[in-house]
Amino acid sequence: MAPFLLEKALEHWTDYWCSKEIGCLPGKANEELNNLINSQWKLFGTRFCESDGLAILDLACGSGMVSHILADTLKYEAYFNCLDAGKVSFSLPQKHKLNLLSEFTINEKSQLEKKFDLIVSNFGAEYIKENDIIEFISNHINSDGYIALNLHHEQSIITEKSKQVSNAISAWTSNQRLQNLENKLNFNFSVADAKSYIDILLQLNIQNAEVANSGLASDIVNMMSRYQKGSLDKLEFDSIRNTYINYQNRLNQQIESATNAARLVSEIKISPYFEVITLEQLTISGKNISTFIIFKPAINI
């Protein structure tokens, strides 16, 4: 993850990676998305990762998705350096070496001691200022190395869904009637007030279906049901509110990163220091998912 976005709320991403509930889209759509991205990274691995002893740098690694895929794809031992601005922790198959750089911020002063044969990032590089990430990659890629980035796209269904969910959370957090009912329910729970609360949620969901699709409505209903049955000592409106505000912060940063990704791709394409090998839009059922770019240092530089 990246400094210019994440310095605002880095703990939200740390909580996200620790939760293991990772995904850009809900339910079956997220499974389809992951299958597509996994296939893309496996294809990259079979094409560019055939050498023994490769030094691989995974930028903004998060849960280590790309490193896990490449580690399973590689025939030979590799040396993985995985860095992220958040607190992250994971392991790889024992035949590979892993150097995990948690809470590592990339900026104009960031420097590692070595260069790498491959630099990869999955939904991560675009969270970093384009000048900083381009300079960092330039300083850390071997002259015969390759870089592969899977980036958010401004017109993707991920960005569209993120905007819808963010708007749904705003509609909930800003509704004064719901806040008043939460105060009443916290002071003295009644079935009538609980029903009124759920009715307002249903009205909000008519305006934006992500009130329900995001899991917000079911989390609240389940919480009140557990309290009524005696399995909770107190209502947890504050906890749910904090969880979804954190969620919204991540979504808004994700939306912002898609705009940054467009600038990053443009900079890579015009840079005299890089040569673009492939640039493609990943799609599901004709709908844009992300931008996948593979490039390398320019020979004439």
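Residues numbered from 1 in each chain as written. Predicted model: local features only at pLDDT ≥ 70, side-chain atom pairs only at ≥ 80, totals over all residues. Heavy atoms only, no water.

J.: Lay out the nonpolar core with the relevant residues and their values.
T.: With 31 residues, the main nonpolar core has W41, F44, I56, L70, F80 and V120 as its most contacted residues. For this core, the secondary structure elements donating two or more residues are α3 (27-48), β1 (54-58), α4 (65-73), β2 (78-84), β4 (116-122), α6 (157-173), β6 (274-284) and β7 (287-297). In terms of residue count, the dominant contributor to this core is α3 (5 residues). Residues F116, L149, V265 and F274 belong to the second largest nonpolar core, which totals 26 residues. (Core = buried A, V, L, I, M, F, W, Y, C linked by side-chain atoms within 4.5 Å. Buried < 20%, exposed > 50% of the residue type's maximum accessible area, 1.4 Å probe, protein only. Helix = DSSP H or I, 4+ residues; strand = E, 2+ residues; numbered from the N terminus.)

J.: Give me the lowdown on the side chain of T159, citing residues and values where you can.
T.: As for its placement among the helices and strands, T159 is situated in helix α6. Those residues within four positions of T159 in sequence are excluded, and the remaining contacts are H153, E154, I255 and A258. (Contact = heavy atoms within 4.5 Å.)

J.: Before we move on, could you go through the packing of helix α5 (residues 130-140) against helix α11 (residues 237-270) and cite the residues and values that matter?
T.: In helix packing, the relevant descriptors are the interaxial angle and the interaxial distance, both defined with respect to the helix axes. Where α5 contacts α11, the axes come no closer than 10 Å and their chain directions differ by 45°. On the basis of the axis angle, α5 is oblique to α11. In the packing of α5 onto α11, the handedness of the crossing is right-handed. Contact residues: E130, I133 and I134 in α5; N260, R263, L264, E267 and I268 in α11. Residues of the contact of α5 with α11, tallied by class, amount to 4 nonpolar, 1 polar and 3 charged. (Axes fitted to C-alpha atoms, helices over the stretch in contact; angles between N-to-C directions. Parallel < 35°, antiparallel > 145°, perpendicular 65-115°, else oblique. Left-handed = near helix turned anticlockwise from the far one by under 90°. Nonpolar A, V, L, I, M, F, W, Y, C, P; charged D, E, K, R; others polar.)

J.: Mind laying out the packing of aromatic side chains, listing which residues take part and the relevant values?
T.: By the definition in use, this model includes 10 aromatic pairs. Here F189 and Y227 contribute two aromatic rings whose centre-to-centre distance is 5.4 Å and whose plane-to-plane angle is 55°, an arrangement assigned as tilted. Residue F189 is located in the loop between α7 (176-187) and α8 (191-207), and its partner Y227 is located in helix α10 (residues 216-229); the two are separated by 38 residues in the primary sequence. Geometrically, the ring pair formed by F274 and F295 is edge-to-face, given 4.9 Å between the ring centres and 75° between the ring planes. Of this pair, F274 sits in strand β6 while F295 sits in strand β7, and the two are 21 residues apart along the sequence. The exposure class assigned to F295 is buried, which follows from its relative accessible area of 0%. One aromatic cluster is present, formed by W41, F44, F48, Y146 and F292 through successive ring pairs. (Phe/Tyr/Trp six-rings, centres within 6.5 Å; stacked < 30°, edge-to-face > 60°.)

J.: Can you explain the packing of α7 against α8? Please cite residues and give values.
T.: Viewed as axis vectors pointing N to C, α7 and α8 meet at an angle of 155°, and their least axial separation amounts to 10 Å. Classified by the interaxial angle, the pair formed by α7 and α8 is roughly antiparallel. Between α7 and α8 lies a crossing whose hand is left-handed. Of α8, the residues touching α7 (which contributes R177, L178, L181, E182, K184 and L185) are D193, A194, S196, Y197, I200, L201, Q203 and L204.

J.: Any chance you could break down unusual backbone geometry for me, citing the residues and the numbers?
T.: Although it is not a glycine, E103 adopts a positive phi angle of roughly 55°. With respect to the helices, strands and loops of the structure, E103 is situated in the loop between β3 (97-102) and β4. Positive phi is not limited to glycine here, since S285 has a value of about 55°. By the secondary structure assignment, S285 is in the loop between β6 and β7. For S285, a relative accessible area of 71% puts it in the exposed group.

J.: Describe the confidence of the model for the protein, naming the residues involved and giving the relevant values.
T.: Looking at the protein as a whole, the pLDDT averages 89, with 90% of positions reaching at least 70. pLDDT under 50 marks residues 1-9. Its contacts with residues more than four places away, or in other chains, come to 32 contacts. In the model, residues 16-20 has pLDDT below 50 throughout and makes 13 contacts with residues more than four positions away in sequence or in other chains. (pLDDT = per-residue confidence, 0-100.)

J.: How would you explain the environment of V88 if you had to name every residue and give the values?
T.: By secondary structure assignment, the location of V88 is in the loop between β2 and β3. Separated by 24 residues in the primary sequence, V88 and G64 place their C-alpha atoms 8.6 Å from one another.

J.: Tell me about the sheet that holds β3, and name the residues and values.
T.: Taken in spatial order, the 7 strands of this open sheet run β3-β2-β1-β4-β5-β7-β6, and their pairing is mixed. Only two strands of the sheet have a single partner each, and these edge strands are β3 and β6. For this sheet, the mean angle separating the axes of adjacent strands, direction not counted, is 15°. Where β4 and strand β5 (residues 141-151) come together, 6 bridges link them in parallel fashion. The residue bridging S121 from the neighbouring strand is L149, located in β5. (Pairing = 2+ DSSP bridges.)

J.: Give me the pairing of β1: which residues, what numbers.
T.: Burial within β1 is extensive, with 5 of its 5 residues counted as buried. Residues L54, I56 and D58 point to one face of β1 and A55 and L57 to the other, with burial holding for every one of them. Both β1 and β2 contribute to a ladder of 5 bridges, which runs parallel. Note that in β2 the partner of L57 across the bridge is N81. The parallel pair β1 and β2 is bridged by α4, and the resulting crossover is right-handed. One ladder, built from 3 bridges, connects β1 with β4; its direction is parallel. (Right-handed = clockwise from strand over helix to strand, strands pointing away.)

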